[in-house]
Amino acid sequence: MVAWVLAKYALGQPDPYFAPLAALLGVYPTVARSLQESVQYIAGFVLGAALAVSVGLLLGPGTAGIAVTVLAGMLIASWQRLGNQSVQVTFTALFVLLLGGHQPLHYITHRASEAAIGVVTGLVINIVVFPPLQLRPAAHAVRQWGNDIADALDVLADAVTAPGESSGSWPQHDGRLSSSARQAHEAARHARESLRWNPRASVSQRVPRPDAATLSALEELTTRTRALARSLIGTTTEHAQPQLPTSFGEQYARLLHMVADAVRQLAAQREHTPSGEELAALSDSQHQVEHQAACLSDRGSGHIAAQRLSRLSAEMIREIGCP
């Protein structure tokens, strides 16, 4: 509406429809994307206008002129740098050719000023008045990813002490890990984009920024969780003779529950950072598991399985940040 009023009363245009159209098409959820789309819109508008003026002066607004405009417009619109605004080439060219008639240059002069007012108005309002930050969706997605990893670890912990009861639900948790990881990365990308050129980015500190280190840690934890599932469920199937002694299984289950709690706190970022005491307790539990695994050296394949599980949990603890 601001673009329409400015073009109508400042420029004296009776029907400045290009002004609100440009303001609408150039505004996107993030400031950086709005700048990019506005530049691409202007490029598409200029290319379409240049095409229409050339065709209008040479062929006029007849059948031949329209055919050449559509064909040439589609070819120019295939330029990838125009992005989503590539359609503006053919749209603008046809508009100018059909409404400008044999005087396309005179027609486009007024429409170009309308489009300029629309683009500037949309950018100013988007930057100054409504510059949204996509931080909360990113924080929620990262937290959800951590919770899904932790839930999977709790299921695997139960599979140690109760083979067959919990391992059957692993495929469902595995699918959730893939989905939550994809959503977290996408939300973090949108959040980082929303911070670019945004005046609110320097003053709004209440919500944590997308942390590349946290995302990388969760990615590694997801990989380790899947490796743990392959090793753990493979050694504790319902129909196979359990290879892990009961004492080791109980201690390892407690360790996995502790790791799950630490992962939840890691993904929560600023809200629940693991304390030094919690990290020390996690490290002590890992040392106990390693000691028990070392004591199984004379118990056949149980020693190999315990060593493998102990190594995987140690790698997960290192990703969390425990010494």
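As the structure is a computational prediction, the values presented were derived from the model and not from experiment.

The rules behind the values
- Residues numbered from 1 in each chain as written.
- Predicted model: local features only at pLDDT ≥ 70, side-chain atom pairs only at ≥ 80, totals over all residues.
- Heavy atoms only, no water.
- Helix = DSSP H or I, 4+ residues; strand = E, 2+ residues; numbered from the N terminus.
- Core = buried A, V, L, I, M, F, W, Y, C linked by side-chain atoms within 4.5 Å.
- Buried < 20%, exposed > 50% of the residue type's maximum accessible area, 1.4 Å probe, protein only.
- Salt bridge = Lys/Arg side-chain N within 4 Å of Asp/Glu carboxyl O.

Novice: How do you make sense of the environment of H291 when you look at a structure like this?
Specialist: Along the chain, H291 falls in helix α11 (residues 276-294). Distance in space between the C-alpha atoms of H291 and F248 is 9.8 Å, their sequence separation being 43 residues.

Novice: Please explain the nonpolar core as it appears in this structure.
Specialist: Taken as a class, soluble globular proteins show a tendency for nonpolar side chains to be buried jointly. Counting residues in hydrophobic clusters, the biggest one holds 53 residues, and the most contacted among them are L218, L228, Y252 and V259. Of all the secondary structure elements, the ones that give two or more residues to this core are α7 (135-161), α8 (170-195), α9 (212-235), α10 (246-268), α11 and α12 (301-320). The element that contributes the greatest number of residues to this core is α7, accounting for twelve residues. Membership of the second largest hydrophobic core comes to 18 residues, among which are F18, A22, V55 and L97.

Novice: Is there a simple way to explain the pattern of salt bridges in this structure?
Specialist: A side chain with one charge may pair with a side chain of the opposite charge, provided their charged atoms come close. Per the stated rule, a full pass over the model turns up eleven salt bridges. Residue R111 pairs with E114 through a salt bridge whose shortest N-O separation is 2.4 Å. Residue R111 and its partner E114 are located together in helix α6 (residues 104-129), separated by three residues, close to a single helical turn. Under the relative-accessibility criterion, R111 is labelled buried at 11%.

None of this, on its own, says anything about what the molecule does.
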